[in-house]
Amino acid sequence: MKAAPFEYLRATSLDEAIEALGTPDARALAGGQSLVPLLNLRQARPSLVVDINRLDELSFLRKENGRLEIGALTRHRAVETSAVVRSEIPLLAEALGHVGHVAIRNRGTIGGSLAHADPAAELPAVMVALDADFTVRSASGERTVAARDFFLGPHRTALGRGELLTRISVPSHRGGWAVEELSRRSRDLALVAVFATVTMTGEVCESARIAVAGAGPTPIRATAAEASLTGGPMTGDAIALAAELAAAATDPPGDLHAPADYRREMAAVLTRRALARAKEGA
Ligand SMILES: Cc1cc2nc3c(=O)[nH]c(=O)nc-3n(C[C@H](O)[C@H](O)[C@H](O)COP(=O)(O)OP(=O)(O)OC[C@H]3O[C@@H](n4cnc5c(N)ncnc54)[C@H](O)[C@@H]3O)c2cc1C
């Protein structure tokens, strides 16, 4: 199948891109790894495609005040292989290794994955786990949206017409971390994936952060599970309870690939594994 007709604009400045995105039914084109298949399947029928690939100012990766600042157009592979990311936020580098194959990650962008907001995608859940902030720009200026407020439903975000995601700001984290993902084939989108970080003082859990992908309309932050661990010894029983609480917070879809009950059970299993590994690393 071929895409329905659309106008195409290769933006040469951020202002030009933002102005064009104010057109009804305009869509930004970044790496094209999700948008182009949607166009060809006619599941997306934009009036105007605004190509942002020439906007070099949106492609950067730098450490600033204990945070990693990532331009929305930065390719997955650049972030995954960055020495700074591997030392400051290894959870992010590891999670990116699960996003499709290298060819996809060479083209796909951080901003594109987040704006696409697939509930089974790795990056939205990682950003929710890490308490990232997103900078969104429009003709009327810039605003910051917390990752936990950005994802509103499957492929639905807080981005409005004429808004472009420009920057992702992620706090560095210390302590242990783990990614546990279940998918039908290696590098497929997750059936369920869990992203966890843990900091410990001796045997006591100082903080735990847990986000689950593939188990609800948006990434799920398992706050009750986190609270159950915080301030106590991280025993096997404490981890098992947290895993049950994380699973209880999910609202998984049932489909051809896996029924809802199976996904919920897997959310518990993967959370248990992720917490045990994160504790080891902490
Ligand atoms: C074979 C295959 C396997 C895949 N496997 C995975 C996987 O395992 N995990 C996973 O998470 N994804 C996977 N994907 C999806 C894909 O990798 C990501 O969704 C993709 O990389 C998104 O980034 P992009 O730059 O290509 O976005 P595009 O396809 O260019 O755009 C995606 C959407 O985001 C919007 N957009 C892009 N940039 C911005 C911006 N800066 N501001 C506002 N809106 C913007 C576009 O308008 C569009 O609606 C896979 C894709 C393929 C083809």
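The following refers to the structure shown. Keep in mind it's a predicted model, so treat the numbers as computed, not measured.

What counts and what doesn't
Residues numbered from 1 in each chain as written. Predicted model: local features only at pLDDT ≥ 70, side-chain atom pairs only at ≥ 80, totals over all residues. Heavy atoms only, no water. Helix = DSSP H or I, 4+ residues; strand = E, 2+ residues; numbered from the N terminus. Rg over C-alpha atoms; globule rule 2.2 N^0.38 Å. Buried < 20%, exposed > 50% of the residue type's maximum accessible area, 1.4 Å probe, protein only. Contact = heavy atoms within 4.5 Å. Lys, Arg positive; Asp, Glu negative; His and termini not counted. Charge placed at Lys NZ, Arg CZ, Asp CG, Glu CD. Phe/Tyr/Trp six-rings, centres within 6.5 Å; stacked < 30°, edge-to-face > 60°.

With respect to the overall build of the protein
Thought 1: A tally of helices and strands in the protein yields 12 helices and 14 strands.
Thought 2: In summary, the protein has a C-alpha radius of gyration of 19 Å against a globular reference of 19 Å for 282 residues, a match within 12%.
Thought 3: For the protein, the spread of C-alpha atoms along the three principal axes comes to 60 × 45 × 30 Å.
Thought 4: Taking all 282 residues of the protein together, the buried fraction comes to 53%.
Thought 5: Restricting to contacts in the protein with at least 6 residues of sequence separation, those with at least 24 account for 62%.
Thought 6: When the 32 basic and 33 acidic side-chain charges of the protein are each reduced to a single mean position, those positions are 4 Å apart.

Quick notes on the packing of aromatic side chains
Thought 1: Summed over the entire model, instances satisfying the criterion amount to three aromatic pairs.
Thought 2: With a centroid separation of 4.8 Å and 90° between ring planes, the pair formed by F134 and F150 is classed as edge-to-face. With F134 in strand β6 (residues 133–138) and F150 in helix α9 (residues 147–150), the pair connects residues that are 16 residues apart, well separated along the chain.
Thought 3: We classify F150 as buried; its relative accessible area is 0%.
Thought 4: Following the ring pairs from residue to residue traces out a cluster consisting of F134, F150 and F151.

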